[in-house]
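Here's the letter readout for the chains.
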Amino acid sequence: MVMDIKKVLVIGSGPIIIGQAAEFDYSGTQACKVLKEEGIEVVLLNSNPATIMTDKEIADAIYIEPLNIEVIEKIIVKEKPDSILAGMGGQIALNLAVELYKKGIIQKYGIDLLGTDVECIDKAEDREKFKSLMQKIGEPVIESKTVNNIKDAIDYSDIIGFPMVIRPAFTMGGSGGGIANDVDELKEIASKGLKYSMVGQVLLEKSVKGWKEIEYEMMRDNKGNVITVCNMENIDPVGVHTGDSIVVAPSQTLSDKEYQMLRNASIKIIDALNIKGGCNVQLALNPESFKYSVIEVNPRVSRSSALASKATGYPIAKVAAKIAIGYNLDEIKNDVTGRTYACFEPTLDYCVVKIPKWPFDKFRTGNRALGTKMMATGEVMAIGNNFESALLKGVRSLEIGQYNLYKESLKTVSTKELIEKIELTDDERLFYISEMFRRGFEIKEISSITGIDKFYLDKIKNIVDLEEEIRDTCINNIYKDKMLLLKKKGFSDKGIGYLTNSRGMDVYKMRKKYNIEPVYKMVDTCGGEFEAASPYYYSTYDTVDEVDISSKDKVMVIGSGPIRIGQGIEFDYCSVHGVLALKEEGIESIIVNNNPETVSTDFDTSDKLYFEPLTEEDTLNIIEKEKPKGVILQYGGQTSIKLASFLDEMGVKILGSSAESIDVSEDREKFERLLDKLGIERPKGKGVTSIEEGLKASEKLGYPVIVRPSYVLGGMGMEIAYDKEELEKYLKNAFERDSKNPVLIDKYMMGLELEVDAIYDGEDILIPGIMEHLERAGVHSGDSISIYPAEKICHKIEEEIVEASYKLAKALEVRGLINIQYVLYEGKIYVIEVNPRASRTVPYISKVTDIPMISLATKVMLGKKLKNLGYGTGLNKFKKTKAVKVPVFSMEKLPDTEIALGPEMKSTGEVLGVGNDLDTALYKGLMGANINIPKGGKVLVSISDNYKKEFISRAKDLKNMNFEFFATSGTARLLEEQGIPSTKVSKIGEEGLCLIDLIDNGEIDLVINMPTKGRDSRSDGFKIRRRAVERKICCLTSLDTLSAIVDIIKKDIKIEDIEVIDICSI
Amino acid sequence: MKGQLFFEDGTIFEGEIFGYQNDTLGEVVFNTGMTGYQEILTDPSYYGQIVVMTYPLIGNYGINDDDMQSFSPKVKGFIVREAYEKFSNWRGKESLNDYLLKNKIVGLMGIDTRALTKYLRDKGTMAGKIIVGEMNEDSIFKEIRKFYNHNAVDNVTTNYIYSLKPKLPKVAVLDFGIKKNILDSLIKMNIEVTVYPANTLAEKILKDNPDGIFLSNGPGDPSELNEIIENIKNLIGKKPMFGICLGHQLISLALGGRTTRLKYGHRGTNQPVKDLNHDRVYITSQNHGYVVEEDSLDKEKIEISHINLNDGSIEGIRHKELPLFSVQFHPEASPGPQDTAYLFEDFLKML
């Protein structure tokens, strides 16, 4: 090895938020593996416990601590690393590295920053410095200027001309910006923008709207050797964030001249920046000339590099890490071929499509128009040997119920509305465009509205034409040639079935009759030029199959698909650990997944990787080919679990809990019967089919009640109704949307929520720990602050929980994992939910208890017994260490979405606080989640009636902390009664001091807002909460969270006094 | 229309004919470039060959007027997985299909090109025949077995001497099937270029007194070109000399080296080449089926300047005493990366 490095501090990227998903776990994990291979000691810092990089297998010392420089300095003092690697942890880690450098901490301790220098990072990130560097090397950048008034704006328009983009500086939720086509529009938009901007400033930019957005993933080493790993073309033109664009690799519409021109530019740029490692260059290309502009550069590995890595098979993060420790490209072997070097450019002999996964199913009120701010939580990637098949594979990987481009519900949408939607670039534009083709629109017309290249539109139209050809024909009229063509173009059995009014199974049978089966091709970086060793496959309907089927025992693990709210990185952790356990047991592991951001889709994680959609058909095809001894569905969240009954019907062996036990736990009636038999209680409830029935049932149960549709339908989620009026409104709305399916009403028990993750082997249960939620029941468990070990329960309750968990696991015939949620209400425990699968909390509990849950569960599924596995049975003895999981939200990224906590999950990620006492753990957790509570200042309070009494003692605490109160009339009266002075503020539209203005003027430091009825997006409360989030003001919607925070403030913990904890030493 | 690709061992790949409908016989080679099909079609080095593209979507940006490497397509046949008809690019003038049809080049599409590539990789470059329609005769196999890409250079070299952009210095170019972009690259250096037919005698060239001599790329087996090699011997040392691809092989042969056939050649735009003098690796465009054997070179006089990082084969040589160097790869790119364009500057400095 080239540099003398012994101990490296690797900085991770923290919680999953929009714009920063699992890709940095993938890159960080690859980097750590490289360092360890070199015999370098790895000290890891990441606040996110659901990651693989924070595993003992990956690092030598692990700090799950808040990501800030105070903490880093403490770790430096304690661990004395000689180097820091920050380029793998996204923008968060890179910013920390720059800050460490600027504050002189790196210099003070004589530490090397591996990879690209801070000066170079700065040059790439600082808008002005970057611009002047580009001018120096003669690379065009988009002309722009910041102005403070309309006159300057008009003057500048004389120089750059129209159209022109106006972006308010420090913009809130993207408001106030726009594109001006003439002086009048400029005047209008700029004056609005100047008003919206907190600093009265707008950025004027030459519009390149409609230009092609092209990305190059580059790699450069210490000697200056440069390669292009991959180039990618965004189907959506410039103007839609690349994270929200459908992206294709390689570019499809560029001739070699254009390809090489942009490649040359990328090389020139990263040479000038002196990048050492991976780098992403984004360029805008005029579709009518050789004109181009550099958009931006990411001087690090990124989401795009994760995609490029999976799209080509080239291990970008690994190579970047090797370069960071001194290697050069011609010294690094290409793992894929095993014989060539990393210094070459991958070539693809297939087409890759990435489609973002958006959270609008969770945020139904949200504004779905895509723009320059990313809103997707995750993405799927699909590989095909034609564009159509890659696109259709991608669509069905999204798990949005779409197997075709045909969407029945669009038939009733007016053409005018369709045009509006595609002009806005809505997240569902693909389906709207398809519908427009069905209505006879021409490629040319749609291209001119959307700016999408005609090539892609023609390909979409190809699919539409095929769909229309077979729609409403009888399946028996689809002969072998046609069927083969459809399959080649990526049509699924279900999709064909839907169009021909038959079932997917009928198509499956017909396909079998015709002997049409997929074959699998290898992703090998070299287009078949060299023999490859990468066991990485995708399906096509071709002639020659490339998979060698071994005679070994094998087990298939179904992954969890794209990152979304409710199903995050934790399930990738589980899938990967499942694979590791299989390897330990000498079993060949096969993984199927479609998420390019993950560790599970690294081709060296499992023995074989199939990059395929996670649908019934696509997984069954692989099973039929590989004939594994069993399939594990417990680790991939809902994505894999929902395959259970189908695979069971098809005679596939499901390892662990059976399809039957999954069904019992999910079917309300069956589950209730089981609980009755076991004598375990659950909150009383009823399914109702009319408003009257619902009101009657609720009267009997007693308010408040929890209501939810029995069948997930677009537009309705779970809510708490506090009174008849709220319930009536909900029911009315629900039955209007869907009159056939019942609405479920449960007694809402406002008690302490407890959660258990356990392993059951048929005889014994092992419960690593009981967790307690800080927020009372009613807040989704994923959004609650969760405390391990449970603090507030007595020994007797603990025993009851163990007993009930054992009974449930036994009765459900669980083999492997089970997650159970309880509520403790008036001294009794009730079961709220049972999931016979891995849960969100498994990684964190495994880490803090040092019980490798997935490894044990996998071995149990293979027939081993817990008592022989060395971790005991029953309830694990609690550790002294306290761990607090705090959820992290991305609400500011999603305009017009409700932020108040409730029964539906909203958080995108989580952090862990680890301490020797609960207060420290909670303090660290809150700090890690960036919940910065001001110690004093101005607090804006509005509390709904249900919570007013409870709020009083907290109000007194706040007063003692010198908070100045601003309150709406009801709350102000309450405060006055308690002798707490407050300034009365008026509601929106009323005369007087308006609360929105207060927030807008930056006068408020803390907002406490208890949502009232209905959660109407037009309500004042909604607007207050949105404003607060957009202004980055701490906004609390649960009294329990408030209480915890107030208690922590009262303790006056100082960051200087806290100790950083290596979780390997707990 | 159905079409089939036959190999002498009886292997058949089935697809559909596009472009011109006719049978065609040639050496079947694969190219791994993802862009640049137009340059490949018109590169004279592909004379006598049926080219398989490993990238599946070909024709996306159509055919334009600017990217031709010679006046017409030189391949004997073109095999793709999908030939896209409705091209989309501002420079595109006609579709791939129309272009091939117009130039009477046979295309075969709908082939499992990856399987075909792996077949060629395993068996090595071979002759093959595209047959229109369905036919299976022993005579085909006999014909295929007999095929050899003889005297390819004769078919692609210029018939007359011509000069481009009179300026100084002057370079004599021996045309063995030169790509347009090589001429463009020389002209960009402000060099006056005079192009000579491949078999022009040394005396004639030297009489014209150029400042340097350039030996171009071209098709076929270099060891067959005995007269040309002898002729080059008479040029070496007389003037600064630079050769590319076939030119490089011919210089090596004239210096007493040997060439041998690569199993399946280097054809693509992603070949890593190490410049041994500068300890740098460049990504290069390549297109050759023959290579200079390392042990055949007189190391006293000749140094190896470049090697291929994938298989270690010779990619460039430099004479230790004389102003002479040559490279196996294509610094002029088109298609492919332009990372080694500096070699044209090196040549200019010699003049």
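Computed from a predicted model, the values in this text were never measured in an experiment. (Residues numbered from 1 in each chain as written. Chains lettered and ligands numbered in written order. Predicted model: local features only at pLDDT ≥ 70, side-chain atom pairs only at ≥ 80, totals over all residues.)

### What to know about the overall build of chain A
This is how the line gets drawn: Helix numbering and strand numbering both begin at the N terminus, where a helix is a DSSP run of H or I of at least 4 residues and a strand a DSSP run of E of at least 2. All radius of gyration figures rest on C-alpha atoms, and the globule criterion is 2.2 Å times the number of residues raised to 0.38. Three exposure classes are used, based on other C-beta atoms lying within 10 Å of a residue's own C-beta, which is placed from the backbone: buried for 20 or more, exposed for 12 or fewer, and partly exposed in between. Each residue gets a C-beta atom placed from its backbone, and two residues are in contact if those atoms lie within 7 Å.
Across its full length, chain A holds 36 helices and 40 strands. In terms of overall size, chain A behaves like a compact globule, its C-alpha atoms giving a radius of gyration of 29 Å where 1066 residues would be expected to give roughly 31 Å. For chain A, the C-alpha atoms occupy an extent of roughly 75 × 75 × 65 Å along the three principal directions. For chain A, the proportion of its 1066 residues judged to be buried stands at 58%. For chain A, restricting intrachain contacts to residue pairs at least 6 apart in sequence, the fraction spanning at least 24 positions comes to 71%.

### Let's talk about the overall build of chain B
Secondary structure assignment for chain B yields ten helices and 19 strands. Against the compact-globule benchmark of 20 Å for 351 residues, chain B has a radius of gyration of 20 Å, which places it among compact chains. In terms of overall dimensions, chain B has C-alpha extents of about 60 × 45 × 40 Å along its principal axes. Sequence separation of 24 or more characterises 75% of the internal contacts of chain B that already satisfy a separation of 6 or more.

### Regarding the sheet that holds strand 39 (residues 1006-1009) of chain A
The strands that make up a sheet pair up through hydrogen bonds in the backbone, lying either parallel or antiparallel. Residues and elements named next belong to chain A. Just so we agree on the cut-off: Two strands form a pair only when DSSP identifies at least two bridges running between them. Orientation is described by axes fitted as lines to C-alpha atoms, over the contacting stretch for helices, and by angles from 0 to 180 degrees between their N-to-C directions.
An order of 38-37-36-39-40 is seen for the five strands of this open sheet, with the pairing classed as parallel. The sheet is open, and its two edges are formed by strand 38 (982-984) and strand 40 (1034-1036), each paired on a single side. Sheet twist, expressed as the average angle between the axes of neighbouring strands with direction ignored, equals 20 degrees. Across five bridges, strand 36 (residues 937-942) lies against strand 37 (residues 963-967) in parallel orientation. Residue leucine 940 lies in a different strand from strand 37, and its bridge partner there is phenylalanine 966.

### Let's talk about the interface of chain A and chain B
Applicable threshold: Each residue receives one of three labels: charged for Asp, Glu, Lys and Arg, nonpolar for Ala, Val, Leu, Ile, Met, Phe, Trp, Tyr, Cys and Pro, and polar for the others, Gly being one of them.
Taken together, the contact pairs 45 residues of chain A with 41 residues of chain B. Here the residues of the side of chain A that touches chain B are counted per class, giving 16 nonpolar, 15 polar and 14 charged.

### What about the domain arrangement of chain B?
Residues and elements named next belong to chain B. Rules: Domain segmentation is taken from an automatic or database assignment of domains.
Looking at chain B, the domain boundaries give domain 1 (2-148) and domain 2 (153-350). Taking the mean C-alpha position of each, domain 1 and domain 2 sit 27 Å from one another. Contributing elements (two or more residues each) for the side of domain 1 that touches domain 2: strand 3 (24-31), helix 1 (37-42) and helix 3 (113-123). Looking at the side of domain 1 that touches domain 2 element by element, the count peaks at three residues for strand 3. Here the side of domain 1 that touches domain 2 is built from residues that sort into eight nonpolar, eleven polar and five charged.

### Concerning the packing of helix 26 (residues 691-701) of chain A against helix 27 (residues 724-737) of chain A
Residue and element names in this part refer to chain A. Applicable threshold: Each crossing gets its hand from how the near helix is turned against the far one by less than a right angle, where anticlockwise is left-handed and clockwise is right-handed.
Close contact between helix 26 and helix 27 brings their axes to 9 Å; oriented N to C, the two are set at 145 degrees. The handedness of the crossing between helix 26 and helix 27 comes out as right-handed. Touching Ile691, Gly694, Leu695 and Ser698 of helix 26 are Lys724, Leu727, Glu728, Leu731, Lys732 and Phe735, all from helix 27. Partitioned by chemical class, the residues of the contact of helix 26 with helix 27 number five nonpolar, two polar and three charged.

### Side note on the nonpolar core
Test applied: For our purposes the nonpolar core covers buried Ala, Val, Leu, Ile, Met, Phe, Trp, Tyr and Cys residues that link as a set through C-beta atoms within 7 Å.
Of all hydrophobic cores here, the largest spans 424 residues; its most connected members are Val8(A) and Leu44(A). For this core, the element with the highest residue contribution is helix 20 (residues 570-584) of chain A, accounting for eight residues. Mapping this core onto the domain boundaries places at least three of its residues in each of domain 1 (2-148) and domain 2 (153-350) of chain B. Beyond its immediate stretch of four places on either side in the chain, Leu44(A) contacts Val10(A), Gly12(A), Cys32(A), Met53(A), Thr54(A), Ala59(A), Ala61(A), Ile62(A) and Tyr63(A). Listed in part, the 13 residues of the second largest apolar core include Val147(A), Met164(A), Val165(A) and Leu194(A).

### Some details on unusual backbone geometry
Residues and elements named next belong to chain A. A cis amide bond, omega -10 degrees, links alanine 249 with the succeeding residue proline 250. Within the fold, proline 250 resides in the loop between strand 12 (247-249) and helix 9 (256-273). A cis geometry characterises the amide bond from tyrosine 788 onward to proline 789, with omega recorded as -10 degrees. Among the structural elements, proline 789 can be located in the loop between strand 30 (786-788) and helix 28 (795-811).

### A word on the pairing of strand 19 (residues 324-327) of chain B
All names here are of chain B. Here strand 19 shows a buried face lined by Leu324 and Ser326 and a second buried face lined by Phe325 and Val327. Two strands pair when backbone bridges link them, and strand 14 (residues 241-244) and strand 19 are joined in this way by four bridges, in the parallel orientation. Across the sheet, the residue bridging to phenylalanine 242 is phenylalanine 325, located in strand 19. Pairing analysis gives three bridges linking strand 18 (residues 314-319) to strand 19, with the strands arranged antiparallel. Looking at strand 19, one finds that arginine 318 is bridged to phenylalanine 325. From the end of strand 18 to the start of strand 19, which pair antiparallel, there are four residues.

### Comments concerning the environment of Ile759(A)
Residue and element names in this part refer to chain A. If you trace the backbone, isoleucine 759 turns up in strand 28 (residues 752-760). Exposure remark for isoleucine 759: the 30 C-beta atoms within 10 Å place this residue in the buried category. Sequence-wise, isoleucine 759 and valine 10 are 749 residues apart; in three dimensions their C-alpha atoms are separated by 32 Å. Setting aside anything within four residues of it in sequence, one finds isoleucine 759 in contact with Leu766, Gly816, Leu817, Met853, Leu856, Ala857, Val860 and Leu866.

### Observations regarding the sheet that holds strand 22 (residues 630-632) of chain A
Residue and element names in this part refer to chain A. Overall, mixed pairing links the seven strands, which are arranged 17-18-21-20-19-22-23 in an open sheet. Each of the sheet's edge strands pairs with one partner strand only, and the pair in question is strand 17 (519-522) and strand 23 (654-655). Relative to strand 20 (residues 588-593), strand 19 (residues 554-558) runs parallel, the two being bridged by five bridges. By the bridge assignment for strand 20, valine 555 is matched with serine 589. Where helix 21 (residues 616-626) meets the sheet, its contacts fall on strand 18 (536-540), strand 19, strand 20, strand 21 (608-611) and strand 22, and the angle it forms with strand 19 comes to roughly 170 degrees.

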